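Listed below, chain by chain, are the residues.
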Amino acid sequence: MIHRTFILSLLLSLPVLGADSAPWWNDAWSNRQPITFDPSVASGEGGPATLLVRLHDGNFQFSNAAENGADLRFVSPDGKTVLPHQIEKWDGLLNEAFVWVRVQDLPASEKSTFHLYYGGDPAQAAPDKTKVHDESSSLVLHFSEPSPADSTTNGNNATVQATLAEGSLIGRGLRLPSPAPVTIAGSASLDWTGGQDLTASFWFKAGSLQPSAALLSRGPLAVLLENGTPAISLSGQKASGTAPVTAGSWHHLALVSSGGKLVLHLDGQPSATLEATLPASEEPLAIGHAATGDAFIGELDELQIHRKALSENQLRLAFVNQGATDAAQRLLAPGALEGGETTGGHSAALEHVMLFGDIAKNMMFDGWIAIGVCVIMIIVGWTVAFRKFAYLNSIQKGTAEFLSQWKNLSSDLTALDHTDEASIRTLGGSTAPATLALVEKSPLYEIYHIGSEEIRHRLARDKNRTQGLSGRSIQAIRAALDAGLVRVTHKLTNGLVYLTISIAGGPYVGLLGTVVGVMITFAIIAKSGEVDVNSIAPGIASALLATVAGLVVAIPALFIYSYLNSRIKNTTAEIQVFIDEFIAKMAEYYPPAGEVSPYAPAERAAPESKP
């Protein structure tokens, strides 16, 4: 009975376990993430909506996507329909992106999940970007470019170059007041008829609380901010909100025309009502100023105008979704990555490597000069290092073979015929030609050859070796050997100066590039007047890359120099020991006149005295 109950429970649980596993939309895409929409956060009413998806390195693997996000695909909960989307901003350096997605069937009360796919071919299944906003949208300005362009197909673009603010609420924003008034010319899609339904919404951040500043105006109608309180002004009539906003904070404002009323919604809630109808107008739409009154001082972002009256629930949804609060994260929450390269455990390293490429894109010309110098130092230093490694390895093998031959020769130095140059070169004829080629690479062989030549010159006139070598001759030979040691040392240390230059100069060259890059970055910031992390971080990061390059030059050069210098010291010490041994053996086998070497031939030994 227990087994039957367990099996029945397991079978009943299988559909539940598989309910969250939607079929994979396209096998050509290697990554996907579920995005869960929770309507309870914003009191949604369901139906279609254009949602803002915020991506950052905490909820998205930028290293697995295309460089500009061109391979992003949003797929409906049924796993079949590709949803239209527009990328307002994609920053692979700061790992930040803002994407607008059109979802057709949002539930009113239950959670729903659609999927974000990436890691595929950007040319396949490309979405129709023109359908991100519905047909009622007259104007959508993201202010992502200096010439604000309409994101709908209506082409209601701004007529002037605008001053943008980096790091605004949603990517870039409009900085006001602008040097030239920002206006949108009238058009068939933007003209108003008297009393029509309309919704005009935008985000604003006041730099200061002005007595009366125009946020949006057209003809006799204006949306004002009076000492922080939003108000509607129409042909001498005015309606003000009940609560003022604070300077330096973002707020969502929407003007809704419906049923003979103009209602102002602040942060998704009704704030002011004016019993009047929307006036007909074909005049230009003014942003941040009016014909009379003060120009607004602050920032403005995401201006949208719809030829219909949005409900309070829809405005509440826009306020929560587009804001940067915790509620926005709960409303639209990207889930864990499914599939993709991260399952191999190497995405973090790949992401760090790719991050250096993103940083290099913002590198200034001065920084590239510093990095170019560092690259030259690396090439020269490592060339010297590789050649020195090969040279030391070759002389180490030659020295080992020479000492093996010298061990036998030093037991009777007189066996070496110093009057015969061939005997000297072949160490008394005991070295084969193949071995001799290896021995000749040893600096000990060079010192031995110098000493043997000095002995040969001094014994040239004494073939019977009766005179030997005087103390003065031995000192002269030692001087010649010491001179040979100096020349060998110069050959061993030749080129190491390039490594010392890399060690000492690399960090300074990199630091110079960093200082110049930071200086230029702050000069640009001071000139533009934009002080925020998005304007500072790319320039600082790229400037610091020059210091990294300098350290990449110096640190390996330091280790290589220390290792090579240690081997060279050991080699010179070994040569010095050999010189001392050679002098001692020479003094022993070639004593001065009057003394007989114990190793001299018997016929040249001194005669015995008679009794």
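Residues numbered from 1 in each chain as written. Predicted model: local features only at pLDDT ≥ 70, side-chain atom pairs only at ≥ 80, totals over all residues. Heavy atoms only, no water.

## A word on the sheet that holds strand β5 (residues 85-91)
And then number 1: Read from one edge of the open sheet, three strands run β2-β6-β5, paired in antiparallel fashion. Two strands bound the open sheet, and with one partner strand each, they are β2 (47-56) and β5. Adjacent strand axes in the sheet meet at a mean angle of 20°, parallel and antiparallel pairs treated alike.
And then number 2: The sheet strands contacting helix α2 (residues 312-322) are β2 and β6 (96-106), and the helix crosses β2 at an angle near 10°. (Pairing = 2+ DSSP bridges. Helix = DSSP H or I, 4+ residues; strand = E, 2+ residues; numbered from the N terminus. Axes fitted to C-alpha atoms, helices over the stretch in contact; angles between N-to-C directions. Contact = heavy atoms within 4.5 Å.)

## A word on the side chain of serine 502
And then number 1: Tracing the backbone through its elements, the reader meets serine 502 in helix α10 (residues 496-528).
And then number 2: Accessibility expressed as a relative area gives 2% for serine 502, which makes it buried. (Buried < 20%, exposed > 50% of the residue type's maximum accessible area, 1.4 Å probe, protein only.)

## Side note on unusual backbone geometry
What is expected of a backbone is that most residues other than glycine have negative phi and most peptide bonds are trans.
And then number 1: Between leucine 176 and proline 177 the backbone carries a cis peptide bond, its omega angle lying at 0°.
And then number 2: With respect to the helices, strands and loops of the structure, proline 177 is situated in the loop between β10 (173-176) and β11 (182-184).
And then number 3: The phi dihedral of aspartate 267 is positive, around 55°, even though this residue is not glycine.
And then number 4: Assignment of secondary structure puts aspartate 267 in the loop between β18 (261-266) and β19 (269-274).

## A look at the packing of helix α5 (residues 365-409) against helix α9 (residues 471-493)
When two helices pack together, their arrangement is given by the angle between their axes and by how far apart the axes lie.
And then number 1: Where α5 meets α9, the axes come as close as 10 Å, and the angle between the chain directions of the two elements is 135°. Judged on the interaxial angle alone, α9 and α5 are oblique. Between α5, through Lys388, Tyr391, Leu392 and Ile395, and α9, the contact on the second element is made entirely by Lys491, Leu492 and Thr493.
And then number 2: Of the residues belonging to the contact of α5 with α9, the class tally is four nonpolar, one polar and two charged. (Parallel < 35°, antiparallel > 145°, perpendicular 65-115°, else oblique. Nonpolar A, V, L, I, M, F, W, Y, C, P; charged D, E, K, R; others polar.)

## Concerning the pattern of salt bridges
And then number 1: Considering all chains together, one arrives at 11 salt bridges under this definition.
And then number 2: One salt bridge connects arginine 32 with glutamate 338, and the closest N-O pair in it is separated by 2.6 Å. Pair noted here: arginine 32 is in strand β1 (residues 31-37) and glutamate 338 is in strand β24 (residues 338-339), with a separation of 306 residues, a long-range link.
And then number 3: Of the residues examined, glutamate 338 reaches a relative accessible area of 25% and is grouped as partly exposed. (Salt bridge = Lys/Arg side-chain N within 4 Å of Asp/Glu carboxyl O.)

## Some remarks on the environment of phenylalanine 98
And then number 1: Residue placement: phenylalanine 98 occurs in strand β6.
And then number 2: Taking the relative accessible area as the measure of exposure, phenylalanine 98 reaches 4% and is therefore buried.
And then number 3: On a C-alpha basis, the gap between phenylalanine 98 and glutamine 86 in space is 8.7 Å, while along the polypeptide they are 12 residues apart.
And then number 4: In this view, phenylalanine 98 contacts Leu52, Val53, Arg54, Gln86, Ile87, Glu88, Lys89, Leu169, Ile170 and Gly171; residues no more than four positions away in its chain are not counted.

## Some remarks on the pairing of strand β13 (residues 213-218)
Looking along a regular strand, one sees side chains alternate from face to face of the sheet.
And then number 1: Most of β13 is tucked away, with six of its six residues classed as buried.
And then number 2: In this structure, β13 lies alongside strand β14 (residues 221-226), joined through five bridges in antiparallel fashion. The partner of arginine 218 across the bridge, within β14, is leucine 221.
And then number 3: Linking two consecutive strands that pair antiparallel, namely β13 and β14, is a turn of two residues; a positive phi of about 60° is found at glycine 219 within it.
And then number 4: As paired elements, β13 and strand β20 (residues 285-287) share two bridges and run antiparallel to each other. Bridge pairing links serine 217 to alanine 286 in β20.

## Let's talk about the nonpolar core
And then number 1: Grouped together as the largest cluster of nonpolar side chains are 42 residues, with contacts concentrated most on Phe202, Phe204, Ile287 and Leu303.
And then number 2: The element that contributes the greatest number of residues to this core is strand β12 (residues 198-206), accounting for five residues.
And then number 3: In this structure phenylalanine 204 touches Leu215, Leu225, Val245, Ser249, Trp250, His251, Leu253, Leu266, Phe296, Glu299 and Leu300, once residues within four positions along its chain are discounted. (Core = buried A, V, L, I, M, F, W, Y, C linked by side-chain atoms within 4.5 Å.)

## Some words on the layout of surface pockets
And then number 1: Here the second largest pocket defines a volume of roughly 470 Å³.
And then number 2: Along the wall of the second largest pocket there are 31 residues; nearest its centre are Ala49, Thr50, Arg102, Leu310 and Gln314.
And then number 3: Elements represented by at least two residues in the lining of the second largest pocket include exactly β2, β6, β12, β22 (298-306) and α2.
And then number 4: At seven residues, α2 tops the list of elements feeding residues into the lining of the second largest pocket. (1 Å grid on protein atoms, 1.4 Å probe; cavity = no way out; pocket = protein on both sides within 12 Å on 5 of 7 lines; lining within 4 Å. Points joined across faces, edges and corners; volume = space filled by probe spheres on them.)

## Notes on α9
And then number 1: With 23 residues, α9 ought to run about 33 Å at 1.5 Å a step, and its terminal C-alpha atoms sit 33 Å apart, in line with that.
And then number 2: Residues of α9 that are buried: Ser473, Ile474, Ile477, Ala480, Leu481, Gly484, Leu485, Val488 and Leu492.
And then number 3: Remark: glycine 495 follows α9 within two positions and exhibits a positive phi of approximately 95°. (Expected span 1.5 Å × (residues − 1).)

## Digging into the confidence of the model for the chain
And then number 1: Confidence along the chain averages 83 in pLDDT terms, with 83% of residues attaining 70 or more.
And then number 2: This stretch, residues 1-20, has a pLDDT under 50; its non-local contacts, to residues over four places away or in other chains, come to zero contacts.
And then number 3: Note that residues 341-347 has pLDDT below 50 and, in this model, 11 contacts with residues that lie over four places away or in other chains. (pLDDT = per-residue confidence, 0-100.)

## Quick notes on the pairing of strand β17 (residues 250-258)
And then number 1: Counting buried positions along β17 gives seven out of nine residues, so the element sits mostly inside the fold.
And then number 2: In the sheet, β12 pairs with β17 via eight bridges, with the strands oriented antiparallel. Across the sheet, residue leucine 198 finds its bridge partner in β17, namely serine 257.
And then number 3: Relative to β18, β17 is paired through six bridges, and the arrangement is antiparallel. Note on β18: the bridge partner recorded for serine 258 is lysine 261.

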